[in-house]
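The lines below spell out each chain.
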Amino acid sequence: MHADLAGRLIDPDTMRRLTSLADLDPGFVADDFHTPRAVEALRETEVIVSCWGCPPLDEEVLARAPRLRAVIHAAGSVKHHITEACWQRGIDVTSAAWANALPVAEYTVAAVLLANKQILRLREDYRGRRAAHDWQAAYGRAGNYRRTVGVVGASRIGRRVLELLRAHDLELLLHDPYVGAEEAARLGARSAGLDELCAASDVVSVHAPELPETRHLLDRRRLALMPTGATLVNTSRGSLVDQEALTEELVSGRLEAVLDVTVPEVLPPDSPLYDLPNVVLTPHVAGSLGTELHRMAAAAADELARYVDGRPFAHAVTPEEARISA
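This one's a predicted model, so the numbers in the text were calculated from it and none came from an experiment.

Rules behind the numbers
Residues numbered from 1 in each chain as written. Predicted model: local features only at pLDDT ≥ 70, side-chain atom pairs only at ≥ 80, totals over all residues. Heavy atoms only, no water. Disulfide = S-S within 2.5 Å. Buried < 20%, exposed > 50% of the residue type's maximum accessible area, 1.4 Å probe, protein only. Helix = DSSP H or I, 4+ residues; strand = E, 2+ residues; numbered from the N terminus. Pairing = 2+ DSSP bridges. Right-handed = clockwise from strand over helix to strand, strands pointing away. Phe/Tyr/Trp six-rings, centres within 6.5 Å; stacked < 30°, edge-to-face > 60°. UniProt positions renumbered as here; feature names shortened; annotations may be inferred. Axes fitted to C-alpha atoms, helices over the stretch in contact; angles between N-to-C directions. Parallel < 35°, antiparallel > 145°, perpendicular 65-115°, else oblique. Left-handed = near helix turned anticlockwise from the far one by under 90°. Contact = heavy atoms within 4.5 Å. Nonpolar A, V, L, I, M, F, W, Y, C, P; charged D, E, K, R; others polar.

Turning our eyes to something else, we now look at the state of the cysteines. Per the stated rule, a full pass over the model turns up 0 disulfides. The closest cysteine sulfur to the non-disulfide-bonded Cys51 is located on Cys54, 9.4 Å from its own sulfur. Of the residues examined, Cys51 reaches a relative accessible area of 1% and is grouped as buried.

Below, the discussion takes up helix H13 (residues 243-252). Those residues of H13 that sit buried are Gln243, Ala245, Leu246, Thr247, Glu249 and Leu250. Positive phi appears at Gly253, one or two residues downstream of H13, with a value of about 85°.

Okay, the pairing of strand S9 (residues 256-259) next. The two faces of a sheet get side chains in turn, since along a regular strand they alternate between them. Where burial is concerned, the two faces of S9 agree: the one with Glu256 and Val258 and the one with Ala257 and Leu259 are both buried. In this sheet, S9 lies alongside strand S8 (residues 231-234) in parallel orientation, the contact comprising 4 bridges. Among the inter-strand pairings, Leu232 is bridged to a residue of S9, identified as Ala257. Crossover handedness for the path S8 to H13 to S9: right-handed.

So, about the packing of aromatic side chains. Counted according to the given criterion, the structure contains 3 aromatic pairs. With 5.8 Å between their ring centres and 85° between their planes, Tyr126 and Trp135 make a pair best called edge-to-face. Among the residues examined, Trp135 registers a relative accessible area of 24% and is labelled partly exposed. Every member of this aromatic cluster is reached through a ring pair, and the members are Tyr126, Trp135 and Tyr139.

On to the UniProt feature "domain: D-isomer specific 2-hydroxyacid dehydrogenase NAD-binding" (unreviewed entry) in the chain, then. Under the local residue numbering, the UniProt record ascribes the feature "domain: D-isomer specific 2-hydroxyacid dehydrogenase NAD-binding" (unreviewed entry) to residues 112-286. The straight-line gap between the two end C-alpha atoms of residues 112-286 is 13 Å; of that span, 34% is helix and 17% is strand.

Close contact between helix H6 (residues 97-116) and helix H14 (residues 292-308) brings their axes to 8 Å; oriented N to C, the two are set at 155°. Taken together, the axis directions place H6 and H14 in an arrangement best described as roughly antiparallel. Of the two elements, H6 crosses H14, and the hand of that crossing is right-handed. Residues Trp98, Ala99, Asn100, Leu102, Pro103 and Glu106 of H6 form the contact with H14, whose participating residues are Glu292, Arg295, Met296 and Ala299. Residues belonging to the contact of H6 with H14 are distributed by class as follows: 6 nonpolar, 1 polar and 3 charged.

Here it is as structure tokens:
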């Protein structure tokens, strides 16, 4: 993982647990598998605990790690470091994606509820007036009662978002080509085509994986279907949205947006999205941040305990799952 990440990821209690379960040097963090110390460590390594910034485990690296049997990823996607060579070798892989999904869903739900309350417009309006005003009359269409929220993608995060939103008096729509009407109903939503969802939703929240076929899933035409005043929430990947078309919609003021991901990350300094009053822009932090990192490390320790006991991983990642995940 990134050399400076371990100290923030692993709290003292979890580090004590990790070192009690395995022969682990708390002071050694590898962010390059080609350094002399890393090469030496790989010869004896049976399990790698990884996180953001782990270099690819390709054929060359695996050749230096003849005893490697498992990779425990204390974060979400394993696409960046688990290569085809890992699957061919039969290395067991597990991920704390479930733990990282929780704060993403919480961020999303907070964004949805505040968007329906028209918080951005209220904030700007209040700033401009700085005086008494009949807010009830001015914001008669604000609020979350019976508003429609469209969730794009019944991913791990999308399902958690639906679970959390079910506690509110909202109409929930779900678009996922792999989820039928019955399963959508069990999730508390009505299955809908993507065009229908865009046209009917006060808030559209994106939770689909980044795949060639999902690039610009929300293109210019579908963004134009969204009602004036609707909000787009994207905590998935920036490539799923036609950002040029979205920027035009936002600059015009027709739509609002909460964007935790963009193309590129980070946006150029002259991007209008930084300053638009109808945009909340955050630097890809909807996932684990601060103390939430400790949950992922604890999840990794739980999986290491299962490995030591000879039990299968609770959150194993398969090659098929890895290929279609975010």
